Amino acid sequence: MQEKKKGEPSHETSAYERSAEEIICLDMLKEEIMHSSNYIARANTVSKNCIYSFFCVFLLYFNCIVGTIIKDIFALNVKAYDDTYEDEKSLHISKVEALIHCSMECLNQNRCVSYFYNGVSNTCILHEDPFTYTIRSQSGAGWKFYITIITDSGRCKPDFFYYRYLDLCYKFGVAINATDSTITTICSEPNEDLVRVDSEERQSYIETITADIGLVYKIAICIQGTSMLNSSHQWTFNDGTRMPYSKWAKGQPDANGTFIRMFRSYKYKWYSLVDDNMCSYICEYKYNDSI
């Protein structure tokens, strides 16, 4: 097997998965600071009853009046990304006193999904990208990468990324043979669906987080859309609502179907091709507060 170069994107998702020990440790940390009624950030690397490989940063934002938690954020160190970083297209670069201050800066920036921190230079770099399919072009000793896992009143699932700015809870899927029949088998858990691109901002964000996906999958990205819900075959989302935004290529759509292909090699233009070519995909979780 060919060894992957440092900084290149990977299709492996295990780096973001949490073990039972991590979850227990997070609960322990949470209990330790429940007595406080202020804005608290607590970092812990080793606990007597909880030792794990990820460095865990646990942030709690308390309502000072009633003492209830309204935001719950923690971050996981992805060890496979150690000693690499990216300073291009960052949200903010700053000098901080410690890791916990970098974590706080990410919490206070609703576009922040991940951050790089160097404990030697005390440099903090915030990003809106989880770097699953984008290259980290720089390397250097002391750099650590942290991906935020955010649960806001149950808004996002633990194995999904949450981009607060667009209220988008999402995860990447692997390559599949994309047909009208196979597309129904993905993103099939309750409240999950193929990602819907309903604005220029969502389109731009998907382009950002998949900038180097071609190094892993040189294929299209499947997104939500169907022309099979009305007699006029107008393209809508899967629930029948109209699509307020589109980025169809010239001459498209030229066929009916139950999904749309977004081609990175063609400036992320949309196509309604009828074939069984491969595509990767992005699932979106739509929070249902009635559950």
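Residues numbered from 1 in each chain as written. Predicted model: local features only at pLDDT ≥ 70, side-chain atom pairs only at ≥ 80, totals over all residues. Heavy atoms only, no water.

The protein chain is annotated in an unreviewed UniProt entry as C-type lectin domain-containing protein of Mytilus edulis.

Visitor: What exactly am I supposed to notice about the packing of aromatic side chains here?
Guide: Ring pairs (aromatic) are described by centroid distance and by the angle formed between their planes. Summed over all chains, the structure comprises 21 aromatic pairs. Each ring, one from Y85 and one from W143, has its centre 4.2 Å from the other, and the planes form 20 degrees; the classification is stacked. Residue Y85 is located in strand 4 (residues 84–85), and its partner W143 is located in strand 9 (residues 143–151); the two are separated by 58 residues in the primary sequence. A relative accessible area of 15% places Y85 in the buried class. Ring geometry for Y266 against Y271: centres 5.9 Å apart, planes inclined by 55 degrees, an arrangement best described as tilted. A relative accessible area of 18% places Y271 in the buried class. What links up through ring pairs into an aromatic cluster is the set Y133, F161, Y163, Y165, Y170, F172, Y205 and Y217. (Phe/Tyr/Trp six-rings, centres within 6.5 Å; stacked < 30°, edge-to-face > 60°. Helix = DSSP H or I, 4+ residues; strand = E, 2+ residues; numbered from the N terminus. Buried < 20%, exposed > 50% of the residue type's maximum accessible area, 1.4 Å probe, protein only.)

Visitor: Please explain the state of the cysteines as it appears in this structure.
Guide: Disulfides are covalent bonds that connect the sulfur atoms of two cysteines. Tallying each qualifying case throughout the model produces five disulfides. The side chain of C187 participates in a disulfide bridge whose partner is C283; the two sulfur atoms lie 2.0 Å from each other. Here C187 and C283 share a disulfide; its torsion about the S-S bond, -90 degrees, makes the bridge left-handed. Of this pair, C187 sits in the loop between strand 11 (168–177) and strand 12 (192–194) while C283 sits in strand 16 (residues 278–285); the two residues are 96 residues apart in sequence, bridging distant segments of the chain. What makes C187 buried here is its relative accessible area of 8%. C283 sits in the buried class, given a relative accessible area of 2%. Cysteine pairing for the protein chain (bonded cysteines numbered in sequence order): 1-4, 2-3, 5-6, 7-10, 8-9. (Disulfide = S-S within 2.5 Å.)

Visitor: What is the right way to read the environment of Q252 from this model?
Guide: Within the secondary structure, Q252 sits in the loop between strand 13 (220–223) and strand 14 (260–263). With relative accessibility at 15%, the residue Q252 sits in the buried group. Sequence spacing of Q252 and K269 is 17 residues, and the spatial spacing of their C-alpha atoms is 9.4 Å. Excluding residues that lie within four positions of it along the chain, Q252 makes contacts with W270, Y271 and S272. (Contact = heavy atoms within 4.5 Å.)

Visitor: Mind showing me how you'd approach the side chain of S227 here?
Guide: The residue S227 is located in the loop between strand 13 and strand 14 in this model. A relative accessible area of 0% places S227 in the buried class. Other than its neighbours up to four places away in sequence, S227 contacts H233, Q234, W235, N256 and G257.

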